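Below are the chains, spelled out letter by letter.
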Amino acid sequence: MLIGKPPGIPASAITPREQYMNRRRFLRTAISGAAATGAVAFGAERIAEVLSPSAGVLAGTKLQTVKSPLTTTGEQLTSYKDVTTYNNFYEFGVQKYQPAMNAGGLPTRPWTVRVEGLVKKPKTFDIDTLLKMHALEDRVYRHRCVEAWSMVVPWVGYSLSEFIRQCEPLSNARYVQFLSYYDKHVEKWSSESTIFWPYSEGLRMDEAMNPLTLLTFGLYGEVLPNQNGAPVRIVVPWKYGFKSAKSIVAVRFLDKQPHTTWNDMAPNEYGFYSNVNPNVDHPRWSQKTERRIGLPFYAQLRTTLMFNGYGDQVASLYNSMDLKKYY
Ligand SMILES: Nc1nc2c(c(=O)[nH]1)N[C@H]1C(S)=C(S)[C@@H](COP(=O)(O)O)O[C@H]1N2
Ligand SMILES: [Mo]
């Protein structure tokens, strides 16, 4: 039996596994070995279905894009394979490989996004209207998960602020909430975790209006694969990944802070703000470093940057706030 860490392996190399196990405590029950094997076999069939053109899945369709001044330069992109097979999308399973196998059934057309709450009048936008609302930009962003791993992803989308203008929020709207698609028949795996569905996230209005906040339709120049949050998701690059809600069906403008999924699950671990902050440890692990997915093992470890390296653009949003208190 192995007690303690094996010789020659730095503690930092072991941490991700521990974190992963820790997050799994939100699992309802352990899945039996037989059932798990069955799920994998089923998943392989689903991959074939997604890849078959007859399934009519839009993932992979090329998008016409323009260059963006807000793109992050000087970073090696994470491979398409890693970006699309190492995912968190708990509606489709709690293991990283599961969303790629299970999200094929997500019905991405027809798709609408409801706008409600403190707006001039409630509206519903069709996904194809949203796609044409503004020029689509290629924007490379660093992507940092609260579990201390990171990627570099070339997203496709436009600033959420362009969409918010079309929503015509009232002057008393101070927060915006995003709700993900939820259908327990399509997302059967959602019952494996104790999360209260649908997935809900939110931003303060000035955070949502910051040009970096991206309404996202694609990656690598193509329509989003379902496992990455098709047909439309949010990406907030200076916050931990869980703030970036996938497959959104509703946007709500509010005068009070909305409830958010991970904050509901464990408020002492996942705050509303969730800015990437190496100086505020997660209660069960350090946030000082991260493991860059896809690199050779010896090259993975790097120092986590304040605001994920986007401080120049966003630090001023938090000038008057104690970021240890508002984590
Ligand atoms: N609806 C929904 N959105 C979600 C999640 C989820 O489980 N459900 N996981 C979040 C987490 S923890 C992360 S790190 C990112 C992962 O995005 P990616 O798989 O495209 O890298 O999505 C976020 N958005
Ligand atoms: Mo995450």
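Here the structure is a predicted model, which means the values were calculated and not measured. (Residues numbered from 1 in each chain as written. Chains lettered and ligands numbered in written order. Predicted model: local features only at pLDDT ≥ 70, side-chain atom pairs only at ≥ 80, totals over all residues. Heavy atoms only, no water.)

*Asks:* Describe the overall build of the protein, listing the residues and the values that go with them.
*Replies:* Counting secondary structure elements, the protein contains nine helices and 12 strands. For the protein, the residues scored as buried account for 52% of the 327 residues in total. Summarising the internal contacts of the protein: among those between residues at least 6 apart in sequence, 74% fall at separations of at least 24. (Helix = DSSP H or I, 4+ residues; strand = E, 2+ residues; numbered from the N terminus. Buried < 20%, exposed > 50% of the residue type's maximum accessible area, 1.4 Å probe, protein only. Contact = heavy atoms within 4.5 Å.)

*Asks:* Hey, could you go over the environment of Lys324 for me, with residue numbers and the actual values?
*Replies:* In this structure, Lys324 sits in the segment after α9 (311-314). With 45 residues separating them along the chain, Lys324 and Asn279 place their C-alpha atoms 8.0 Å apart. Discounting residues that sit within four places of it in the chain, Lys324 has contacts with Asn279 and Val280.

*Asks:* Please give an account of the sheet that holds strand β6 (residues 200-204) that cites residues and values.
*Replies:* Read across the open sheet, the five strands follow the order β2-β1-β10-β5-β6; overall the sheet is mixed. Sheet topology places β2 (123-126) and β6 at the edges, where each strand pairs with a single neighbour. Across the sheet, the mean angle from the axis of one strand to that of its neighbour is 20 degrees, orientation sign disregarded. Sheet topology places strand β1 (residues 112-117) next to β2; four bridges connect them, and they run antiparallel. Pairing of Val115 across the sheet is with Lys123, part of β2. The sheet strands contacting helix α6 (residues 160-167) are β1, β2, β5 (175-180) and β10 (248-254), and the helix crosses β2 at an angle near 135 degrees. (Pairing = 2+ DSSP bridges. Axes fitted to C-alpha atoms, helices over the stretch in contact; angles between N-to-C directions.)

*Asks:* Describe in detail the environment of Pro258, supporting the description with residues and values.
*Replies:* Assignment of secondary structure puts Pro258 in the loop between β10 and α8 (261-265). Judged by relative accessible area, which is 8%, Pro258 ranks as buried. With 82 residues separating them in the primary sequence, Pro258 and Val176 have C-alpha atoms 7.6 Å apart. In contact with Pro258, not counting residues within four places along its chain, are Tyr175, Val176, Gln177, Gly202 and Phe272.

*Asks:* Requested: an account of the pattern of salt bridges, with residues and values cited.
*Replies:* Counted according to the given criterion, the structure contains 19 salt bridges. Here Glu168 and Lys120 are joined by a salt bridge, their closest N and O atoms 3.4 Å apart. Here Lys120 lies in the loop between β1 and β2 and Glu168 lies in the loop between α6 and β5, a separation of 48 residues in the sequence. According to the relative accessible area criterion, Glu168 is partly exposed, its value standing at 31%. Judged by relative accessible area, Lys120 falls into the exposed class, the value being 62%. A network of salt bridges, in which partner residues are shared, links Glu75, Arg142, Arg144, Glu290 and Arg292. (Salt bridge = Lys/Arg side-chain N within 4 Å of Asp/Glu carboxyl O.)

*Asks:* Quick rundown of the pairing of strand β7 (residues 214-219)? Include the residues and the values.
*Replies:* Counting buried positions along β7 yields six of six residues, so the element is predominantly enclosed. Here strand β4 (residues 149-159) pairs with β7 via five bridges, running antiparallel. Following the sheet pairing, Tyr158 is matched in β7 by Leu215. The loop that links β7 with its antiparallel partner strand β8 (residues 222-223) comprises two residues; one of these, Tyr220, has a positive phi angle of about 50 degrees.

*Asks:* So, the site of ligand 1: which residues are in play, and what are the values?
*Replies:* Not every one of the 17 residues close to ligand 1 is listed here, only the nearest: Tyr90, Glu91, His143, Arg233 and Lys246. A distance of 3.0 Å separates an oxygen atom of ligand 1 from a polar side-chain atom of Asn228. In this structure, Lys246 approaches ligand 1 through a side-chain N or O atom, which is 2.6 Å from an oxygen atom. Within the complex, 100% of the 530 Å² of free accessible area of ligand 1 lies under protein. By residue class, the composition of the shell around ligand 1 is seven nonpolar, seven polar and three charged. (Near = heavy atom within 4 Å. Polar contact = N/O pair within 3.5 Å; in protein donor to acceptor, adjacent residues only side chain to side chain. Areas by Shrake-Rupley, 256 points an atom, 1.4 Å probe, with all protein chains shown as cover. Nonpolar A, V, L, I, M, F, W, Y, C, P; charged D, E, K, R; others polar.)

*Asks:* An account of α6 is requested, with residue identities and associated values reported.
*Replies:* Every buried residue of α6 is listed here: Leu160, Ser161, Phe163, Ile164 and Cys167. All buried residues of α6 project into a common sector of 155 degrees when viewed along the axis, lining one side. Within two residues after α6, Glu168 carries a phi angle of roughly 50 degrees, on the positive side. (Arc of directions from axis to C-beta.)

*Asks:* Tell me about the side chain of Glu222, and please be specific about residues and values.
*Replies:* Mapped onto the elements, Glu222 comes out in strand β8. Relative accessible area serves as the criterion here: at 17%, Glu222 is assigned to the buried category. A polar atom in the side chain of Glu222 sits 3.0 Å from the side chain of Lys62.

*Asks:* If you had to explain the nonpolar core to someone new, which residues and values would you point to?
*Replies:* Across soluble globular proteins, nonpolar side chains have a tendency to be buried as a group. One finds Phe163, Phe178, Leu215, Phe217, Trp238 and Phe253 to be the most contacted residues of the largest nonpolar core, which totals 79 residues. Looking at this core element by element, the count peaks at six residues for β4. (Core = buried A, V, L, I, M, F, W, Y, C linked by side-chain atoms within 4.5 Å.)

*Asks:* Explain the side chain of Ser150 to me, and be specific about the residues and the numbers.
*Replies:* By the secondary structure assignment, Ser150 is in strand β4. Look at Ser150 and you get buried, because its relative accessible area is 1%. A polar atom in the side chain of Ser150 sits 2.8 Å from the side chain of Glu290. If sequence neighbours within four positions are ignored, Ser150 has contacts with His143, Arg144, Glu290, Arg291, Arg292 and Ile293.

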